[in-house]
Amino acid sequence: MDNDNNIDFKDLWKKQSVNQPDMKDLLLRVSKFKKAALRSLWITNILLFATSAFIIFIWIYYQPQFISTKIGIVFTILAMAIYMFVYNKLLAEFKDIDAAQTNQDYLQKLILIKKQQQFLQTKMMSFYFIALTAGICLYMYEYASRMTLLGAGLTYGITLLWMLFNWFYLRPKQIKKQQEKLNSLIEKFEEINNQLKL
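Quick caveat, the model's predicted, so the values are computed rather than measured.

Draft legend 1. Up close: the pattern of salt bridges. A full pass over the atoms with the stated rule returns two salt bridges. In this structure, Glu93 and Lys109 form a salt bridge, with 3.0 Å as the shortest nitrogen-oxygen distance. Taken together, the residues span a long stretch of sequence, with Glu93 in helix α4 (residues 89–95) and Lys109 in helix α5 (residues 103–144) at a distance of 16 residues. Neither residue differs from the other here; Glu93 and Lys109 are each classed as buried.

Draft legend 2. Representation of α5. The terminal C-alpha atoms of α5, which comprises 42 residues, lie 57 Å apart, in line with the 62 Å expected from a rise of 1.5 Å per residue. The largest bend in α5 amounts to roughly 35° and is located at Met124.

Draft legend 3. Structural view of the confidence of the model for the protein chain. Across the protein chain, the average pLDDT comes to 84, with 86% of residues at 70 or higher. Mean pLDDT across the elements of the protein chain bottoms out in helix α1 (residues 9–15) (50) and peaks in helix α3 (residues 67–87) (94).

Draft legend 4. Quick peek at a nonpolar patch on the surface. Nonpolar side chains collect at one region of the surface, where Phe54, Phe57, Tyr61 and Tyr62 lie side by side and expose about 520 Å² of accessible area between them. Note that Tyr62 resides in helix α2 (residues 23–62).

Draft legend 5. Expanded view of a positive patch on the surface. Where like charges cluster on the molecular surface, the positive patch consists of Lys35, Arg39, Lys173, Lys177 and Lys181. Mapped onto the positive patch, the elements with two or more residues apiece are α2 and α6 (149–197). Considering each element in turn, the positive patch owes the most residues, three residues, to α6. Relative to the elements of secondary structure, Lys173 occurs in helix α6.

The rules we used
All residue numbers refer to position in the chain's written sequence, counted from 1. A pLDDT threshold of at least 70 governs which residues receive local features in this predicted model, and a stricter bar of 80 or more applies before side-chain atom pairs are shown or counted, although totals over entire chains, interfaces and linings include all residues. As a convention, hydrogens and water are excluded, and side-chain values are obtained from all of the structure's heavy atoms. Whenever a carboxyl oxygen of Asp or Glu lies within 4 Å of a side-chain nitrogen of Lys or Arg, that contact is scored as a salt bridge. Helical segments are the DSSP runs of H or I of at least four residues, strand segments are the runs of E of at least two, and each set is numbered from the N terminus. Between buried and exposed lies partly exposed: a residue is buried under 20% and exposed over 50% of the maximum accessible area for its type, with that area taken using a 1.4 Å probe on protein chains only. Take the residue count of a helix, subtract one, and multiply by 1.5 Å to get its expected span. The seven residues ending at a residue and the seven starting there each receive a fitted axis; the angle between those axes is the bend at that residue. Think of pLDDT as the predictor's per-residue confidence, scored from 0 to 100. Patch rule: a residue counts if its relative accessible area is over 30% and it has no salt bridge; like charges are joined within 9 Å, and nonpolar side chains (Val, Leu, Ile, Met, Phe, Trp, Tyr) within 5 Å. Note on areas: Shrake-Rupley with a 1.4 Å probe; residue coverage comes only from the protein chains shown. In this tally, Lys and Arg are treated as positive and Asp and Glu as negative; His is ignored, and so are the chain termini. Just so you know, the charge point we use is NZ for Lys, CZ for Arg, CG for Asp and CD for Glu.

The following block contains the structure:
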C-alpha cells in the first residue's frame with residue numbers, strides 16, 4: 001500500500017502513448033507560414049515601389065498645375081513609404097525563425113510577430129488609408145475641376161466606394177485570415193510547451 005503513494009507521475013507521463021502534436025508537421029507549418037509571409041512582404045514591396053514610381057512618372061510627365069495635385073502625390077507616396085518602412089520591420093522577425101530554435105523560442109517569436117502584425121493591421125493601416133484617401137482626393141481635384149459636376153461626383157463617388165469596400169470588407173477578411181494562421185501556430189506551440197512542463 002505504501003508503494004501506491006510514491007507514484008512517479010512524470011515517469012508515467014513520459015511512458016504514456018497520448019497523441020502529441022507531430023513536431024515535424026508543426027515545423028513544416030511554421031516553414032510554410034514563414035515562406036508565405038516573406039512572399040507577401042516582397043510582393044507588397046514590389047507593388048508599392050512600382051506604384052510610387054508610376055505616380056512620380058505621372059508627376060514629371062504631366063506636370064500638374066494645382067498645388068493640391070502635388071500635395072496629393074506627396075501624401076500618397078509618403079503614406080506608402082511609411083507603411084512599407086513599418087511593414088519591412090517584420091522581415092527581420094521572419095528571417096529569425098530558425099529550425100534550430102527551441103519550442104519556447106518559436107513561441108516567443110510568433111507572439112512577437114503577432115504583436116507587430118496587430119500594430120500594423122490597426123494603427124498603421126488606419127494611418128495608411130487616411131493618408132492615401134487624402135492624397136488621392138487632393139490629386140484628383142485638379143482633374144475633377146475640369147469635369148462636369150456629375151462627372152466629378154461619379155469619379156469621387158466610385159473612388160471613395162472602392163476605398164470603403166477595401167476598408168470594411170477586404171481588410172477585415174485579410175486580417176482574420178492572417179490572425180487565424182498565426183493563432184493556430186501559437187496554440188500548437190503553447191500546447192507542446194505545456195506538455196513538456198508536466
